[in-house]
Amino acid sequence: MFDFITKRSFVVNVVAVIAMFFLLAVIFFTMLPIITKHGKQLTVPDVKGLNVKNAIAKLEAAGFDAEVRDSIFIDSIPPLAVWAQTPDKGAEVKMGRTIHLTVNKTVAPMVAMPDLEGLTFRSAEMMLKSLRLNVGDTIYKPDFATNTVLQQLLNGKTLKPGTMVAEGTNITLILSSGRGSVENPVPDFIGLTYAEAKEILSASNLNPGSVIIDPNVSDTLNAYIYKQYPTRKNEIGDFNMVRAGEAVDLYLSATKPVKDSSGAAQQPPAGE
């Protein structure tokens, strides 16, 4: 080979090299459509909703490669079902193109429950959706702040903020319906413990207002109520009336008050 090159003139060698490159270029461009499958385009089939194994088999049978690119959790479709595909169904692409799949997870991710109390229903709904949680039942209860969240529940129990729950969980919301239209006599809380008063307030659809605690109180729930506002009766002996959703202010002491025949506290507790 060396003798073949050296025994010929420089011009001949240059011409030979040029001819060789030209020949290689012709071969390359002739083979390029075969290598790139030029002109061979296929329509991407629809594999959304199929199990990932069935989806991959369908794509490969149609002349495509398939690859799981991402995963998501959607509670309305089966686990491992295809949620999205790229390119989408109906797209015209080259044979052998890789179709990327997004697949539904088998186990729901856990998220921290937010604090919804005090938010409007619309704000609470948006916050739940951002965390992939759902609004379940909505229960209305009389309260002055109309259509705000009073309580958040899961399976009938209070759900504390920060509790880990699965995506897709239905959260029950207790919402304020505003104040009721029917007036009822103010309950008598004098002499009851604060724990007992809270139960009566809840049963009467009333709210605790300001709670004033004497310095001698060490256990709030077991402290006694010696004063309330509004009072049970007014100055002329008629019942004071309240609507559902209104509040009652309570005054607490460690000493149980003594009530007179009218039901009023006969004397203030020690330390007042």
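Throughout what follows, the structure given in this document is the object of discussion. (Residues numbered from 1 in each chain as written. Predicted model: local features only at pLDDT ≥ 70, side-chain atom pairs only at ≥ 80, totals over all residues. Heavy atoms only, no water.)

Our next topic: the sheet that holds strand 13 (residues 207–213). Strand order across the open sheet formed by three strands is 13-16-14, with mixed pairing between neighbours. Each edge of the open sheet is held by one strand with a lone partner, namely strand 13 and strand 14 (224–229). The sheet shows a mean angle of 30° between the axes of neighbouring strands, direction not considered. With five bridges joining them, strand 14 and strand 16 (residues 247–253) adopt antiparallel strand pairing. Directly across from Lys-227, in strand 16, lies its bridge partner Tyr-251. Contacts between helix 5 (residues 194–203) and the sheet are confined to strand 13, strand 14 and strand 16, with strand 16 contributing the most and set at about 170° to the helix. (Pairing = 2+ DSSP bridges. Helix = DSSP H or I, 4+ residues; strand = E, 2+ residues; numbered from the N terminus. Axes fitted to C-alpha atoms, helices over the stretch in contact; angles between N-to-C directions. Contact = heavy atoms within 4.5 Å.)

Moving on, we come to the sheet that holds strand 7 (residues 134–141). If you trace the four strands from one edge of the open sheet to the other, you get 7-11-8-9, paired in mixed fashion. Each edge of the open sheet is held by one strand with a lone partner, namely strand 7 and strand 9 (157–158). Where strand 8 (residues 149–154) and strand 11 (residues 170–176) come together, four bridges link them in antiparallel fashion. Within the sheet, the bridge partner assigned to Val-149 lies in strand 11 and is Leu-175. Its contacts with the sheet put helix 4 (residues 121–130) on strand 7, strand 8 and strand 11, and the angle it makes with strand 7 is roughly 160°.

With that settled, consider the pattern of salt bridges. Summed over all chains, the structure comprises four salt bridges. Its salt-bridge partner being Lys-89, residue Asp-46 comes within 3.7 Å of it at the nearest N-O pair. Of this pair, Asp-46 sits in the loop between strand 1 (41–43) and helix 3 (52–61) while Lys-89 sits in the loop between strand 3 (82–86) and strand 4 (92–94), placing them 43 residues apart in sequence. Two residues, Arg-122 and Glu-125, come together in a salt bridge whose shortest N-O distance is 3.3 Å. With Arg-122 and Glu-125 both in helix 4 and three residues apart, the pair spans about one turn of that helix. (Salt bridge = Lys/Arg side-chain N within 4 Å of Asp/Glu carboxyl O.)

Just geometry here; none of it tells us what the structure is for.
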